[in-house]
Amino acid sequence: MEKVIQGKAFVLGDKIDTDQIIPAEHLVYSLSHPEEKKKYGHYAFSGVPLPESGLPMGHIPFIKGENHLSDYSIIIGGGNFGCGSSREHAPFALQVAGVKAVIAESYARIFYRNCVDGGFLIPYEGYEKLNDKIKTGDELEIDLAANSVKNLTTGQEYLLKPLGSVVSIIEAGDLFEYARKTGMLQG
Amino acid sequence: MGMTITEKILAKASGKSKVVPGETIWLSVDVLMTHDVCGPPTIDIWKREFGSSAKIWDKDKLVIFPDHYIFTANSHAIANVAKLREFASEYDLPNYYGPGTDRYKGVCHMALAEEGYNVPGTVLFGTDSHTCTSGAFGMFSTGVGNSDAAFILGTGKIWEKVPESMLFWFDGEIPPYLTAKDMILQIIGDITTDGATYRAMEFAGPGVMSLPMSERMTLTNMAIEAGGMNGIIEADELTEAYVKARTSKPYEIFRSDADAVYQSRYTYDLSKMEPMVAKPHSPDNKDTVRNVQGTRLTKCYIGSCTGGKLEDFIFAARILFGQQVQVPTFIVPASTWVDQQLDVETVNGVTLRDIFKKAGCQIGESSCAACLGGPSDTFGRAQDEEVIISTTNRNFPGRMGSKKSAVYLASALTVAASAVKGVITDPRDVM
Ligand code: SF4
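Since we're looking at a predicted model, the values are computed, not measured.

Participant: Is there a simple way to think about the layout of surface pockets in this case?
Facilitator: A probe as big as a water molecule, rolled over the atoms, marks out the empty space that is left. In this structure, the largest pocket spans a volume of roughly 390 Å³. Around the largest pocket sit 19 residues that line it, and Tyr112, Glu125 and Leu163 of chain A together with Lys161 and Tyr198 of chain B are the ones nearest its centre. Those elements that provide at least two residues to the lining of the largest pocket are α4 (109-117) and β4 (122-125) of chain A together with β6 (157-161) of chain B. If you tally residues by element for the lining of the largest pocket, the top one is β4 of chain A, at three residues. Here the lining of the largest pocket is composed, by residue class, of ten nonpolar, four polar and five charged.

If you want it as structure tokens, here you go:
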């Protein structure tokens, strides 16, 4: 596990559901085919209404043009991030787009599990609402050992909630690696 | 200190005599269900992680219902179903229900009940968030992603954090203008879309136990819309009769102890409740139908695992009998069995199918259809700036297709009443 994650913030509102993260019409592409899977990155957050995409100003597309990689690698969300369907395509799409971590006020259970068990990205919770304090494009640095995030653009620093019982899965990489490490799985 | 029904089932499945909320436990899974959207990536992960000699932990416990993108020309969607078909034949799976064959069943959550996979006291995981539906049978059921499903596929095990339970108690008897959909929209509006996150939602009381199984399934189906891990209703004679008619699997009935601990309790009096809607764009954006009465509509939709069950169509037929719909109205039976029942079940001596046809409705084939938008050729899909009233369970932006569309969620009674008037209408005005 990386000790520090640095990247640009992409800020979103409350209740970003899985249809906004990856609209259902795109769920048909293969997740293992090297070319097809890039489409997930390309369409990441394409369901977010444009005025709410990249707060506070909005109207900032997460993905530019034909790219599948985003300029932004840390997502700042509000409450109930990832609510809706069980589609693992959601954290997968964010990973393909280059997202390393999400910091939200709270998560929907299945999205949270998927992030951790699939080893796609790190789902942090803040102690306070951060999507009205951090702006899209701010340069952030998450310190995983200290459970904190520093806004390099403004100098502000915020503590994050420790990852709790899932930290051992995150440290192992994903659920399968965790199971191998603990002897649940052989080989 | 007693235990709730959810805690008792989880204790049994983890081989413990007692579990407490917050505790992380490993469960032995009784059934794993998957479908055409999440099945193929689950299989890929399973093969990647367990290698060329990967073994399915128990073929009898794996159930595959392709149901999401079935009646479409989309080549990717067709490839996904083909992949499942090949997987089923390669591993000689007994519980594969292939589209285009007479085994095809329609929407997975309905099919799990109809085919006898819902068994009181057991633990069922599925790669679909509405897997919580099966909780109507006094069992633990919840949705997981592909990695968790692949882990179960290889090991039969999964971790879970024991949830706190919330109790939703209904007094009284349900009046003819109310349905389970109104009950659950009221609850979700009251506690909001994250009011039950990581919790069990237990529905109980005489008002719940007087409901038929399909209406109970509407309650548990939408537990996820409040963020719930699972929805659950204790099994009774009705449940036992339903289950025994479909499977000989042994079952065990668990009940919450009188001194079980709940995170919170809510009590509702059915005689005082109103027909409800969830306004665009969130299932917790509740209002009474009365307050939004007169809203112009471009489409009505009756379908999905929430609102495309036989009782929903009986509700709708009672209102649509002898009437004409004023806006395009789409009927999608949740399962092929429900579809067949449209020719069997009657209202005033006329079959449901004839009532719907004469009223001018369009009837589609059993599948998820426009409940989740789907490929562009999906039956009933939301176009442009449509305003739709629907019996489905989600109205997030773009959920039914077009991002510009606006969706109201309501009961089949309210949707049928609105279809007859072309504007949102309280069912009491046309009954
Ligand atoms: S009918 Fe809708 S809610 Fe039900 S399983 Fe299908 S897509 Fe999901």
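Having put the structure on the table, let's press on.
Participant: Where do I start with the confidence of the model for chain B in this structure?
Facilitator: Detailed reading of the predicted coordinates is not advisable wherever pLDDT falls low. Per-residue confidence for chain B gives a mean pLDDT of 97; residues scoring 70 or more make up 100%. Note on the complex model: pTM 0.96, ipTM 0.93.

Participant: So what exactly am I meant to see when it comes to the sheet that holds strand β7 (residues 164-171) of chain B here?
Facilitator: Strand pairing in a sheet takes place through backbone hydrogen bonds and is either antiparallel or parallel in direction. Residue and element names in this part refer to chain B. The strand order across the open sheet formed by four strands is β9-β8-β7-β10, and the pairing between neighbours is parallel. Every other strand in the sheet has two partners, leaving β9 (230-232) and β10 (264-269) as the edge strands with one partner each. Strand-to-strand, the axes of this sheet are offset by a mean angle of 20°, without reference to chain direction. Pairing geometry for strand β8 (residues 199-204) and β9, over three bridges, is parallel. Within β9, the residue paired with Glu202 across the bridge is Ile232.

Participant: Please explain the side chain of His26 of chain A as it appears in this structure.
Facilitator: All names here are of chain A. Checked against the element boundaries, His26 lands in the loop between α1 (18-21) and α2 (38-42). Overall, His26 belongs to the buried group, its relative accessible area being 8%. Setting aside anything within four residues of it in sequence, one finds His26 in contact with Tyr40, Tyr43 and Ser46.

Participant: I keep staring at the interface of chain B and chain A and nothing clicks. Help me out?
Facilitator: Interface size is commonly expressed as the accessible area that is lost once the parts come together. Contacts between chain B and chain A engage 47 residues on the former and 43 residues on the latter. Joining chain B to chain A, the criterion identifies seven salt bridges. Here Lys15 of chain A and Asp284 of chain B are joined by a salt bridge, their closest N and O atoms 3.1 Å apart. At the surface where chain B touches chain A, the tally comes to 23 residue pairs in polar contact (both at pLDDT 80 or more). Take the side of chain B that touches chain A: its biggest share by element is six residues, from helix α5 (residues 146-155) of chain B.

Participant: Is there a simple way to explain the packing of aromatic side chains in this structure?
Facilitator: Two numbers describe a pair of aromatic rings. These are the distance of the centres and the angle of the planes. Considering all chains together, one arrives at 30 aromatic pairs over all chains under this definition. With a centroid separation of 6.3 Å and an interplanar angle of 10°, the aromatic rings of Tyr107 of chain A and Phe111 of chain A are classed as stacked. As far as the burial class goes, Tyr107 of chain A and Phe111 of chain A line up, both buried. Taken together, the aromatic side chains of Tyr29, Tyr40, Tyr43, Phe92 and Phe120 of chain A make up a single cluster linked through ring pairs. A cation sits over an aromatic face here: Arg113 of chain A above Trp159 of chain B, 4.1 Å from the ring centre. Positioned above the aromatic ring of Tyr198 of chain B, the side-chain terminus of Lys161 of chain B is 4.8 Å from the ring centre.

Participant: Before we go on, may I ask you to explain the site of the ligand in this structure?
Facilitator: Residue and element names in this part refer to chain B. Surrounding the ligand, one finds His68, Val107, His109, Asp128, His130, Ser304, Cys305, Cys368, Cys371, Leu372, Asn393 and Arg399. With respect to the pocket detection grid, the ligand is positioned in the largest cavity. Of the residues in the shell around the ligand, the class split is five nonpolar, five polar and two charged. Counting only domains with at least three residues in the shell around the ligand, you end up with domain 1 (5-268) and domain 2 (276-429).

Participant: Would you mind going over the domain arrangement of chain B with me for this structure?
Facilitator: Residues and elements named next belong to chain B. In terms of domains, chain B is made up of domain 1 (5-268) and domain 2 (276-429). Here the C-alpha centroids of domain 1 and domain 2 sit 24 Å apart. Counting each side, the surface lost to burial between domain 1 and domain 2 is near 3200 Å², with a carbon and sulfur contribution of 61%. It is Phe71, Val107 and Leu185 in domain 1 that bury the most area against domain 2; as a group they hold 17% of the surface buried on that side. On the surface where domain 1 and domain 2 come into contact, there are two salt bridges. Linking Lys286 and Asp190 is a salt bridge whose minimum nitrogen-to-oxygen distance equals 2.5 Å. Elements with a contribution of two residues or more to the side of domain 1 that touches domain 2: α4 (108-114), α6 (180-191) and α8 (213-221). With seven residues, α6 is the largest single contributor of residues to the side of domain 1 that touches domain 2. Class assignment for the residues of the side of domain 1 that touches domain 2 results in 16 nonpolar, 15 polar and eight charged.

Rules used in this analysis
- Residues numbered from 1 in each chain as written.
- Chains lettered and ligands numbered in written order.
- Predicted model: local features only at pLDDT ≥ 70, side-chain atom pairs only at ≥ 80, totals over all residues.
- Heavy atoms only, no water.
- 1 Å grid on protein atoms, 1.4 Å probe; cavity = no way out; pocket = protein on both sides within 12 Å on 5 of 7 lines; lining within 4 Å.
- Points joined across faces, edges and corners; volume = space filled by probe spheres on them.
- Helix = DSSP H or I, 4+ residues; strand = E, 2+ residues; numbered from the N terminus.
- Nonpolar A, V, L, I, M, F, W, Y, C, P; charged D, E, K, R; others polar.
- pLDDT = per-residue confidence, 0-100.
- Pairing = 2+ DSSP bridges.
- Axes fitted to C-alpha atoms, helices over the stretch in contact; angles between N-to-C directions.
- Buried < 20%, exposed > 50% of the residue type's maximum accessible area, 1.4 Å probe, protein only.
- Contact = heavy atoms within 4.5 Å.
- Salt bridge = Lys/Arg side-chain N within 4 Å of Asp/Glu carboxyl O.
- Polar contact = N/O pair within 3.5 Å; in protein donor to acceptor, adjacent residues only side chain to side chain.
- Phe/Tyr/Trp six-rings, centres within 6.5 Å; stacked < 30°, edge-to-face > 60°.
- Lys NZ or Arg CZ within 6 Å of the ring centre and 35° of its normal.
- Near = heavy atom within 4 Å.
- Sits in = over half its atoms within 2 Å of the grid points.
- Domains from an automatic or database assignment.
- Buried area = accessible area lost by both parts, 1.4 Å probe.

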